[in-house]
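Commentary on secondary and tertiary structure
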Amino acid sequence: MATRSQPKLLAQGKPRTLGGSTRPWRVRLYAPAPGSNKYQVYFKAPAGEGEPWKRVLRRAASEEEARKIFAQAEAALDTESETPAGADIRASRTIRMLGEEYIADSIERGKQHRTMEGRESRLNAHILPTIGDVPVTKWRVEHSRKVMEKGSKTLFSQRGREDLRGQLAAMRKLAWRLGWLDRSIDPLDGLEIGRANVLHGATAQYVDPRLRPETRQVRAMAAAADKLCGPEGTDPLMTRLPLFGTKIRVAGFGGLRLGEQNALRAIDGFFEHGYVHVNGSWITPRKQPGFRGPVKNHTIHEVPLPRSLMHNELLPRVKELLDLPANASLQQVINAQEAERQRRAALAARTKDKNLTWWNYPVPPEDELWLFVDTVTGLPVKPEMHNERWHRVRTWVEVNDPDNAWPRTIVYRNLRHHAATKWFHEELGEPWEVVAQYLGDKLTTVLNHYVRAGEDALRDSVSRLASM
């Protein structure tokens, strides 16, 4: 009777006695047996707490793949970490599962709700419908190209396409970290997206000066909002936001983000020093109630505001919220503010969370001392309503004050650009590092947004040539 030939041994690892074995054993790699086309890798792995290790077989379709499994097993046993997963487990680790891990990882990292909504939207709209069922081990650049091709049909901005590619890169990094994708494989290698034309001396994030509103336009919009939303207003849709003009000035002369404007409270203004303490943001998740969350990048900062804005517009509102008479002195307001801050600080000190203090001690939204509210709900206005009212004001200025009309190409958030350049840097003469502190941004971010190399030299050359 003919004996069955044994598969050829191609490699074997170092002797080991792990798993309670009395005799040394090795990781072994065998060539395909006669009648088979599968390479085989044998090793031992833990079976359970206190149980002897069991013998494990991993098969591979090629010698290259088999040697990778062999190397993984050796490395895992050297550190007694997780051994290579079976073929069925590797096949079940699809891009869809990687996407779930990516979202869970983002939540653990404490990403903001708006950031999470953007990541979930890109995942569900572009990545999963295109390559969701592809195993991570088989993810290649052609799959990534299909995602970008699908995204190009609905993402018309350069920033949107860059965000989609950035999310693919983040998922690739996570797949490498989890060990689901071999680090020698780069599914984004060679993936290019169309480049936008960049002005010489500017970065891709540079904000064109034409998109930074002029001070006269900011004042005109704020004055119009005072007229339409103030007590003399006749449109009930507009009078729901009674301090809309003040809010525009806070944005245009303080550079606060919309969420930071909405989150301002009576205790956040330091009238004796002339600034507001920016320490939170009003967050409105989709289909969920809004709440006061942390400021962007968790960077608390102080922003100086004009005295006329602080004392003539914000101070009366603070008196109202603190139940003080309209003729209360400034010192009385300061005392009441400090008493409320101390009350919250004392409550925060009683909790187990040592990160709580007066500015982030949780208060039910309906009981908070909001500066800017929708009078119907008593809460900060939703972004959708805010934008709708903003466009009503813009249309009114366009008709009634055409010389100061607000360009349709400039959105509300560009008031922040006005504060950074026209007000802080040019009017007040503050250096860019101080402007960055006021905005709560990194200096590099501010420079990338507003500074173009050679711009001053160009301006000097133009003025000299004008006299020739």
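One can find the structure itself at the top, above this paragraph.
Residues numbered from 1 in each chain as written. Predicted model: local features only at pLDDT ≥ 70, side-chain atom pairs only at ≥ 80, totals over all residues. Heavy atoms only, no water.

**As for the overall build of the protein chain**
Secondary structure summary: the protein chain contains 16 helices and nine strands in total. Against the globule reference of 23 Å for 468 residues, the protein chain gives a C-alpha radius of gyration of 31 Å, more extended than a compact globule. On the principal axes, the C-alpha backbone points of the protein chain span a range of 110 × 70 × 40 Å. Sorting the 468 residues of the protein chain into buried and exposed places 43% on the buried side. Of note, the protein chain has its 72 positive side-chain charges centred 7 Å away from the centre of its 57 negative side-chain charges. (Helix = DSSP H or I, 4+ residues; strand = E, 2+ residues; numbered from the N terminus. Rg over C-alpha atoms; globule rule 2.2 N^0.38 Å. Buried < 20%, exposed > 50% of the residue type's maximum accessible area, 1.4 Å probe, protein only. Lys, Arg positive; Asp, Glu negative; His and termini not counted. Charge placed at Lys NZ, Arg CZ, Asp CG, Glu CD.)

**Observations regarding the packing of aromatic side chains**
One pass over the structure, following the stated rule, counts eleven aromatic pairs. When the ring of Tyr-30 is compared with that of Tyr-42, the centres are 5.8 Å apart and the planes differ by 80 degrees; the resulting orientation is edge-to-face. Here the residue Tyr-30 occupies a position in strand β2 (residues 28–30), and Tyr-42 occupies one in strand β3 (residues 39–45), the gap between them amounting to twelve residues. Taking relative accessible area as the criterion, Tyr-30 reaches 19% and is therefore assigned buried. A residue is classified by how much of its surface remains accessible, and Tyr-42, at 19% relative accessible area, is buried. An angle of 55 degrees between the planes, with centres 4.9 Å apart, marks the rings of Phe-424 and Tyr-438 as tilted. Within this pair, whereas Phe-424 is found in helix α13 (residues 415–427), its partner Tyr-438 is found in helix α14 (residues 432–439), the two being separated by 14 residues in sequence. (Phe/Tyr/Trp six-rings, centres within 6.5 Å; stacked < 30°, edge-to-face > 60°.)

**Overview of the sheet that holds β3**
Spatially, the four strands line up as an open sheet ordered β1-β2-β3-β4, and their pairing is antiparallel. Unpaired on one side and paired on the other, β1 (9–12) and β4 (54–60) mark the two borders of the sheet. Averaged over all neighbouring strand pairs, the angle between strand axes comes to 20 degrees, with direction disregarded. Pairing analysis gives three bridges linking β1 to β2, with the strands arranged antiparallel. Bridge assignment links Leu-9 to a residue of β2, and that residue is Tyr-30. In this fold helix α1 (residues 63–79) packs onto β1, β2, β3 and β4, with an angle of close to 10 degrees to the strand it touches most, β3. (Pairing = 2+ DSSP bridges. Axes fitted to C-alpha atoms, helices over the stretch in contact; angles between N-to-C directions. Contact = heavy atoms within 4.5 Å.)

**Let's talk about the pattern of salt bridges**
Summed over all chains, the structure comprises 32 salt bridges. Between Asp-105 and Arg-177 there is a salt bridge; the shortest N-O distance is 3.3 Å. With a gap of 72 residues between them, Asp-105 in helix α3 (residues 95–108) and Arg-177 in helix α6 (residues 158–178) connect regions that are remote in the sequence. Across the pair Asp-268 and Arg-292 runs a salt bridge whose closest N-O atoms are separated by 3.5 Å. With Asp-268 in the loop between α9 (258–262) and β5 (269–270) and Arg-292 in strand β8 (residues 291–293), this residue pair connects regions lying 24 residues apart in the sequence. Bridged by salt links that share partners, the residues Arg-265, Asp-268, Arg-292, Glu-340, Arg-343, Arg-344 and Glu-368 form one connected network. (Salt bridge = Lys/Arg side-chain N within 4 Å of Asp/Glu carboxyl O.)

**Section: the pairing of strand β9 (residues 301–304)**
A one-sided burial pattern is seen for β9, the buried positions being His-301 and Val-303 and the unburied ones Glu-302 and Pro-304. Across four bridges, the pairing between strand β6 (residues 275–278) and β9 is antiparallel. The residue bridging Tyr-275 from the neighbouring strand is Pro-304, located in β9.

**Here we look at the side chain of Arg-172**
Mapped onto the elements, Arg-172 comes out in helix α6. Residue class for Arg-172 comes out buried when judged on its relative accessible area of 17%. Arg-172 has contacts with Trp-139, Asp-186, Pro-187 and Leu-188, leaving out every residue within four places of it along the chain.

**Overview of the packing of helix α4 (residues 113–131) against α6**
At a minimum axis separation of 11 Å, α4 and α6 run at an interaxial angle of 95 degrees. On the basis of the axis angle, α4 is roughly perpendicular to α6. Within the contact between the two elements, α4 uses Gly-118, Arg-119, Arg-122, Leu-123, His-126 and Ile-127 and α6 uses Asp-163, Leu-164, Gln-167, Leu-168 and Met-171. (Parallel < 35°, antiparallel > 145°, perpendicular 65-115°, else oblique.)

**A closer look at unusual backbone geometry**
Phi angles above zero are rare outside glycine, and Asn-297 is one such case at about 60 degrees. With respect to the element layout, Asn-297 can be found in the loop between β8 and β9. At Asp-323, a residue that is not glycine, the phi angle is positive and equals roughly 60 degrees. The topology assignment puts Asp-323 in the loop between α10 (307–321) and α11 (330–349).

**Section: the nonpolar core**
Ranked by internal contacts, the top residues of the largest apolar core, which has 60 residues, are Val-276, Leu-305, Leu-314, Trp-390, Val-393, Leu-415 and Phe-424. At the level of secondary structure, the elements contributing two or more residues to this core comprise α7 (215–229), α8 (244–254), β6, α10, α12 (383–400), α13, α14 and α15 (443–450). If one sorts the elements of this core by residue count, α7 sits on top with eight residues. Apart from the residues within four sequence positions on either side, Phe-424 is in contact with Phe-253, Gly-254, Val-303, Pro-304, Ala-419, Gly-429, Glu-430, Val-435, Tyr-438 and Leu-439. In terms of nonpolar packing, the next biggest core, distinct from the first, is built from 29 residues, Leu-128, Val-134, Leu-181 and Leu-191 among them. (Core = buried A, V, L, I, M, F, W, Y, C linked by side-chain atoms within 4.5 Å.)

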